Amino acid sequence: MKRYGRMVGLYLALLIVPIMAFANPVKAATPNQETGRYALFQGSYTTFDLKRKETYVHQAVFLLDTHTGEVKRYINKIDENGRYIETWLPTDLPSADKRRPAQEGK
C-alpha cells in the first residue's frame with residue numbers, strides 16, 4: 001500500500017506543477033515589446049592611423065539590438081566648435097552597394 005501511496009503522490013506532484021504554471025502564467029515577450037531588446041557590452045576595438053602607420057586599441061561600450069543584430073558604439077566628445085556630443089555610432093562599414101558603383105574594366 002505504501003508503494004501505491006508514493007506513486008499517487010508522484011503523479012499528483014507531476015500534475016500540480018503544470019497546473020500552477022497555467023494558473024500564474026509568465027507574460028511572454030511579443031514582437032512589439034521592447035523589454036530586453038537591447039544589451040550593453042564593454043569591449044575593445046582597433047583603429048589604424050594611415051598617416052602615422054600605427055595601430056591603436058580603444059576601450060568602449062557597445063549597444064546590441066537583439067532584434068536586428070545592429071551594434072553601435074557609444075561616444076562622447078567636444079567637437080571643433082566646442083559643442084558637447086554624446087551619441088551612439090554604428091560599427092558596421094557601409095556596404096559596397098551603398099557606395100558609388102565600381103567602374104569595370106579600369
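In this text the structure is predicted, and so the values were computed from the model without any measurement.

## A few points about the confidence of the model for the protein chain
Okay, step 1: In the predicted model, the protein chain carries a mean pLDDT of 75, and the fraction of residues at 70 or more is 57%.
Okay, step 2: Here residues 4-28 scores under 50 on pLDDT; set against residues more than four positions off or in separate chains, the count is 1 contact.

## With respect to the side chain of Asp-65
Okay, step 1: Positionally, Asp-65 belongs in strand β2 (residues 54-65).
Okay, step 2: In this structure Asp-65 comes out as buried when scored by relative accessible area, which is 7%.
Okay, step 3: Separated by 2.9 Å, the side chain of Asp-65 and the backbone nitrogen of His-67 make a polar contact.
Okay, step 4: Beyond its immediate stretch of four places on either side in the chain, Asp-65 contacts Arg-37, Tyr-38 and Glu-70.

## Structural notes on the pattern of salt bridges
Okay, step 1: Going through the model one piece at a time under the given rule, you end up with 2 salt bridges.
Okay, step 2: The partner of Asp-79 in a salt bridge is Arg-83, and the shortest N-O contact between them spans 2.9 Å.
Okay, step 3: In this structure Asp-79 comes out as buried when scored by relative accessible area, which is 10%.
Okay, step 4: By relative accessible area, Arg-83 is classed as exposed at 52%.

## Thoughts on unusual backbone geometry
Okay, step 1: Positive phi outside glycine occurs at Lys-53, with the angle close to 55 degrees.
Okay, step 2: If you trace the backbone, Lys-53 turns up in the loop between β1 (38-49) and β2.
Okay, step 3: On the accessibility criterion, Lys-53 (64% relative accessible area) is exposed.

## Considering the sheet that holds β1
Okay, step 1: Read from one edge of the open sheet, 4 strands run β1-β2-β3-β4, paired in antiparallel fashion. Taken across any chain shown, the strands that pair with only one partner, and hence form the sheet edges, are β1 and β4 (84-90). Within the sheet, the average angular offset between the axes of one strand and its neighbour, ignoring direction, is 35 degrees.

## Considering the packing of aromatic side chains
Okay, step 1: Under the definition given, this model contains 2 aromatic pairs.
Okay, step 2: Here the aromatic rings of Tyr-45 and Phe-62 are separated by 6.4 Å at their centres, their planes lie at 85 degrees, and the arrangement is edge-to-face. Of the two residues, Tyr-45 sits in strand β1 while Phe-62 sits in strand β2, which places them 17 residues apart along the sequence.

The rules behind the values
Along each chain, the written sequence defines residue order, and numbers are assigned to residues from 1. Residues qualify for local features only when their pLDDT is at least 70, as the model is predicted, and side-chain atom pairs are given and counted only at 80 or more; totals for whole chains, interfaces and linings, by contrast, use all residues. Only hydrogens and water are set aside; all other atoms, that is, all heavy atoms of the structure, feed into the side-chain values. As a per-residue quantity, pLDDT reports the predictor's confidence and falls between 0 and 100. It only takes one pair of heavy atoms within 4.5 Å for two residues to be counted as in contact. Secondary structure elements follow DSSP: runs of H or I no shorter than four residues count as helices, runs of E no shorter than two count as strands, and numbering proceeds from the N terminus. Whether a residue is buried, partly exposed or exposed follows from its accessible area with a 1.4 Å probe, protein chains only, as a fraction of its type maximum: under 20%, in between, or over 50%, in that order. Whenever two N or O atoms come within 3.5 Å, that pair is a polar contact, provided that in protein one can donate a hydrogen and the other can accept it, and provided that, for residues adjacent in sequence, both atoms are side-chain atoms. The term salt bridge refers to a side-chain nitrogen of Lys or Arg lying within 4 Å of a carboxyl oxygen of Asp or Glu. Two strands are said to pair when DSSP picks up at least two bridges between them. Only the contacting stretch of a helix is used when fitting its axis, a line to C-alpha atoms as for every element, and angles between N-to-C directions run 0 to 180 degrees. Two aromatic rings, drawn from Phe, Tyr or Trp (for Trp, its six-membered ring), form a pair once their centres lie within 6.5 Å of each other, and the interplanar angle then sorts them: stacked below 30 degrees, edge-to-face above 60, tilted otherwise.

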